[in-house]
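Breakdown of the fold
The primary structure of each chain is shown beneath.
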Amino acid sequence: MNTMEYIIETLKVLVNIPSPSGYTKEVMEYVRGQAEGFGYVCEYSQKGGLVIRVKGLKNETLGLSAHVDTLGAMVRSISREGMLKFTMVGGYTMQSIEGSYCRIHTRDRRVYTGTILSKSPSVHSYDDARTLERTERNMEIRIDERVKCKEDVIKLGINSGDYISFEANFEYTEKGFIKSRHLDDKASVAVLLGLLKEMSEGGLVPERNLKLLISNYEEVGFGASWIPEDITEFIAVDMGVIGDDLNGTEYAVSICAKDSSGPYDYDLTTALINLAKENHIDYAVDVFPHYGSDVSAAIRGGSNIRGALIGQGIHASHGMERTHRDSLENTLKLLKAYLFKL
Ligand SMILES: [Zn+2]
């Protein structure tokens with residue numbers, strides 16, 4: 001299997017393993033299995049993040065990160081009628097999840113399916129089906145079980161604090177588009193695994209040691225608040241924003257110069273832009289207006305690092321996302337250019 005095929009196949013597996021922030025054990029084990037399969041040593045942080053080590057020629061460490069946690073929800077309470085009220089895990093609009101199928105994961109490992117609806121879910125019966133404001137309070141989950149009241153739901157083993165994951169709906173089209181939830185940031189995790197595959201199979205040794213951090217709380221802001229102490233330079237691989245006045249596309253790799261957390265390292269960002277130019281990689285430099293990354297978390301956590309942010313452009317991010325295979329390939333190319341030609 002070539003690298004791009006591997007990346008897309010892996011992405012399909014990843015998006016279908018439920019992993020809202022803080023509920024990432026299973027997906028992390030999958031990533032660990034892949035990395036170890038390529039012969040790299042892995043270890044978990046106390047927080048449950050994975051660090052994959054790659055030996056380099058020099059005794060300096062470059063960090064790369066991608067987050068494997070996704071948006072999701074948690075049961076807030078059970079209504080008298082046996083519907084679930086929920087609280088968001090991560091930031092999104094109710095419109096982007098209304099009508100989605102979901103799964104409820106109980107703490108004793110039972111899984112139930114359901115659908116996310118507004119409290120006025122049918123135009124046939126509710127005057128305000130169209131106008132009801134879509135807020136957390138006005139949304140609920142219909143469980144696919146014969147339940148009539150709160151007690152029925154409790155008997156299923158469902159309780160407040162149980163995780164809820166959203167179905168991914170992955171599709172890879174003939175024209176190379178990838179449509180799915182959770183491309184943010186599982187697309188980058190797949191790209192990093194693709195990079196490991198190439199390094200492993202090609203016997204490529206990077207100039208510096210690498211530590212790949214697969215983080216698990218990024219969507220709630222503290223993914224990479226801790227990173228291994230020996231990392232001096234840290235590149236977050238995360239989605240590129242598309243839309244409004246931005247330059248990014250679903251085909252290019254985005255290089256972020258500044259986001260809500262502030263500017264990224266000037267020299268490192270410039271080096272990445274120059275490499276993209278020299279290697280004829282389709283790229284876009286952008287300022288992301290509502291965004292923070294694993295680099296932001298690491299710097300806020302006190303890490304003494306130079307940081308940059310790159311990644312494939314994701315359309316309708318935190319909604320029904322889409323990207324194109326070219327964007328994944330351009331992200332991989334830029335990473336390779338940085339690791340092996342600088
Ligand atoms: Zn992200």
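Structural notes, computed from the coordinates. (Residues numbered from 1 in each chain as written. Predicted model: local features only at pLDDT ≥ 70, side-chain atom pairs only at ≥ 80, totals over all residues.)

Before going further, it helps to examine the environment of Gln95. Its location among the elements puts Gln95 in the loop between β5 (84–89) and β6 (101–105). Residues Gln95 and Ser118, 23 residues apart in the sequence, show an inter-C-alpha distance of 9.4 Å. (Helix = DSSP H or I, 4+ residues; strand = E, 2+ residues; numbered from the N terminus.)

Counting residues in each nonpolar core, the largest one holds 68 residues, and the members touching the most others are Val31, Val189, Val191, Leu192, Ile214, Ile310 and Leu334. In terms of residue count, helix α4 (residues 183–202) provides more of this core than any other element does, 10 residues in total. In this structure, Val31 is in contact with Leu50, Val68, Val189, Leu193 and Ile214, ignoring residues within four places of it in sequence. Counting residues in hydrophobic clusters, the runner-up holds 25 residues, among them Leu71, Ala73, Ile143 and Tyr163. (Core = buried A, V, L, I, M, F, W, Y, C linked by C-beta atoms within 7 Å. Buried ≥ 20, exposed ≤ 12 C-beta atoms within 10 Å, placed from the backbone. Contact = placed C-beta atoms within 7 Å.)

Where α4 meets helix α7 (residues 325–341), the closest approach of the two axes is 10 Å, and the angle between their N-to-C directions is 50°. Compared by their axis directions, α4 and α7 come out oblique. Judged by the twist between their axes, the crossing of α4 over α7 is right-handed. Where α4 approaches α7, its residues Ala187, Val191, Gly194 and Leu195 are matched on the opposing element by Leu328, Thr331, Leu332, Leu335 and Lys336. The residue inventory of the contact of α4 with α7, partitioned by class, reads 6 nonpolar, 2 polar and 1 charged. (Axes fitted to C-alpha atoms, helices over the stretch in contact; angles between N-to-C directions. Parallel < 35°, antiparallel > 145°, perpendicular 65-115°, else oblique. Left-handed = near helix turned anticlockwise from the far one by under 90°. Nonpolar A, V, L, I, M, F, W, Y, C, P; charged D, E, K, R; others polar.)

This paragraph deals with helix α2 (residues 25–37). Within an α-helix, residues lying three or four positions from one another point in the same direction, as the helix has 3.6 residues per turn. For α2, built from 13 residues, the straight-helix expectation of 18 Å at 1.5 Å per residue is met to within 8% by its first-to-last C-alpha distance of 18 Å. All buried positions along α2 are accounted for by Val27, Met28, Val31, Gln34 and Ala35. The buried residues of α2 occupy an angular sector of 120° when the element is viewed end-on, so they sit on one face. Seen from the open side of α2, the exposed residues pointing more than 90 degrees away from its buried face are Lys25, Glu26, Gly33, Glu36 and Gly37. Taken together, the buried residues of α2 touch α1 (3–15), β1 (41–44), β2 (50–54), α4 and β12 (208–215). One or two residues past the end of α2 sits Gly39, with phi positive at roughly 95°. (Expected span 1.5 Å × (residues − 1). Arc of directions from axis to C-beta.)

On the secondary structure map, Val27 appears in helix α2. Residues Val27 and Thr115 lie 88 residues apart in sequence; the distance between their C-alpha atoms is 23 Å.

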